[in-house]
Amino acid sequence: TMKEKNSMTVKAWETLMSLSEQQGRRIHEDAPAEKFISALKELMTAGQVIIRDVSSHEEGNENGAEHIGWKDDLYYYLLPGLTYKAVCQFYQQQGGVFSVGENTLWKHIEAAGIITIAQEGKQVRRAINKRIPAKGVVKVIHLKTSAINL
């Protein structure tokens, strides 16, 4: 009957919409920027990485935690290679894989609007010079502290 047909059409549409929403959530959860932030939060909370105050004169790793950058009120100044390595190792230890390369990750982070970039003509630089009292000038990723919210 027409009533049964309409009922089946509505159920099919609801099922399709539900599956679509689930897929959208999975894609969002698998987004490289989201995975990066999630891993970085866990690494920081667990004390597996150190991000020192920008005015600190301390150097090096401590208590098995790797020093990956500095911070102030506005930014985390992350050493790109060490930070990427720490995030990759985090996922490997969980039996997973961080599925994008380092340069691609920074492009995703930029697209998410959570880092500051420098543009020189057509060239975009994601690792920008920052003067760190204990180190001098270093190239770092300027990640907005609001992206972490610890």
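Before reading on, note that the structure itself is shown above.
Residues numbered from 1 in each chain as written. Predicted model: local features only at pLDDT ≥ 70, side-chain atom pairs only at ≥ 80, totals over all residues. Heavy atoms only, no water.

Trainee: Would you mind showing me how to read the side chain of His 67 here?
Mentor: Mapped onto the elements, His 67 comes out in strand β2 (residues 66-71). Among the polar contacts listed, one links the side chain of His 67 to the backbone oxygen of Gly 69, at a separation of 2.8 Å. Not counting the four nearest positions on each side in its chain, His 67 is found in contact with Ile 50, Arg 52, Gly 60, Asn 61, Leu 79 and Leu 82. (Helix = DSSP H or I, 4+ residues; strand = E, 2+ residues; numbered from the N terminus. Polar contact = N/O pair within 3.5 Å; in protein donor to acceptor, adjacent residues only side chain to side chain. Contact = heavy atoms within 4.5 Å.)

Trainee: Honestly, the packing of helix α3 (residues 80-93) against helix α4 (residues 102-111) in this entry has me stumped. Any pointers?
Mentor: To characterise two packed helices, one gives the angle between the axes of the helices and the distance between these axes. Running from N to C, α3 and α4 cross one another at 95°; their axes reach a closest spacing of 11 Å. Between α3 and α4, the angle falls in the class roughly perpendicular. Between α3, through Pro 80, Gly 81, Thr 83 and Tyr 84, and α4, the contact on the second element is made entirely by Glu 102, Leu 105 and Trp 106. Here the contact of α3 with α4 is composed, by residue class, of four nonpolar, two polar and one charged. (Axes fitted to C-alpha atoms, helices over the stretch in contact; angles between N-to-C directions. Parallel < 35°, antiparallel > 145°, perpendicular 65-115°, else oblique. Nonpolar A, V, L, I, M, F, W, Y, C, P; charged D, E, K, R; others polar.)

Trainee: Would you mind going over the pattern of salt bridges with me for this structure?
Mentor: Summed over all chains, the structure comprises four salt bridges. The salt bridge partner of Arg 52 is Glu 58, with a shortest N-O separation of 3.8 Å. Judged by its relative accessible area of 6%, Arg 52 falls in the buried class. The closest approach of N and O atoms between Glu 66 and Lys 85, which form a salt bridge, is 3.7 Å. Of the two residues, Glu 66 is situated in strand β2 and Lys 85 in helix α3; the sequence distance between them amounts to 19 residues. Taking relative accessible area as the criterion, Glu 66 reaches 17% and is therefore assigned buried. (Salt bridge = Lys/Arg side-chain N within 4 Å of Asp/Glu carboxyl O. Buried < 20%, exposed > 50% of the residue type's maximum accessible area, 1.4 Å probe, protein only.)

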